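Residue strings, one per chain:
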Amino acid sequence: MNAPAPGAAAVLSGTRTIVAEALTPEAFAPFGDVIEASDAVRHFPINGGNTERYHDLADVDAGPGGRVIISIFRGQPRAMPFPIEMMERHPLGSQAFVPMSGRPYLVVVAPAGDAPSGGDLRVFLARADQGVNYARGVWHHPLLALDGVSDFLVVDRAGDGHNCDEVELDHTVLIAPPR
Ligand SMILES: NC(=O)N[C@@H](O)C(=O)O
Ligand code: NI
């Protein structure tokens, strides 16, 4: 059997397998922002030309009564192919992950709104120089580090209220990074 194209879904041994697609701002736009220093974003020299500022890359949202905080998540690598059995969302604020360990990672998302089914998932392979910012309420799988223990700078919300809903998927979906 030919390898499925990135982003394609293939039914292997009765379980649907999705091969990750490359992360681009356009493809990720329905779910939030891609945080990367590319010529596609507004950038300009500062500090007398010593530094280039890649400006205003993500919409950080702590909602009413929330506070924006910065943390570090140290993720253990996930074994591939990985079964996606649940998703979560943060209804009160956004959540951004910026890789610090020089490794790629996987991003699994579904649109904000009703609880997703396995058929609603989008799977992206993020490069080591790309961060993501999940917009408020966007369904996503908890951190999916690859290849080794990986640190991520995380920008999200602290404050009152319940800010993490979890849902079990109606069927398991295996994900695999592109070959
Ligand atoms: N629990 C927690 O803060 N982690 C998740 O939100 C996640 O997206 O990894
Ligand atoms: Ni989260």
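Structural data are supplied above this passage.
Just so we're clear, the structure is a prediction, and the values are computed from it rather than from any experiment.

Student: Please provide a residue-by-residue account of the coordination of the nickel ion (ligand 2), values included.
Tutor: Taken together, the protein ligands of the nickel ion (ligand 2) are E88 (OE), H90 (NE2), Q95 (OE1) and H140 (NE2), with distances of 2.1 to 2.2 Å. In this structure, the nickel ion (ligand 2) is coordinated by six donor atoms arranged in octahedral fashion, with angles at the metal of 76 to 175 degrees. Classification of E88 by relative accessible area gives buried; the value is 9%.

Student: Tell me about unusual backbone geometry, and please be specific about residues and values.
Tutor: Cis peptide bonds are those with omega within 30 degrees of zero, and the linkage from M80 to P81 qualifies with -5 degrees. With respect to the helices and strands, the residue P81 is situated in the loop between β7 (66-75) and β8 (82-89). Even without glycine at this site, D147 takes up a positive phi of about 75 degrees. The topology assignment puts D147 in the loop between β14 (144-145) and β15 (150-159). With relative accessibility at 62%, the residue D147 sits in the exposed group.

Cut-offs applied
Residues numbered from 1 in each chain as written. Chains lettered and ligands numbered in written order. Predicted model: local features only at pLDDT ≥ 70, side-chain atom pairs only at ≥ 80, totals over all residues. Heavy atoms only, no water. Donors = N, O, S within 2.8 Å, 3.2 Å for Na, K, Ca; no water. Tetrahedral: all angles 85-135°; square planar, octahedral: opposite > 155°, others 65-115°. Buried < 20%, exposed > 50% of the residue type's maximum accessible area, 1.4 Å probe, protein only. Helix = DSSP H or I, 4+ residues; strand = E, 2+ residues; numbered from the N terminus.

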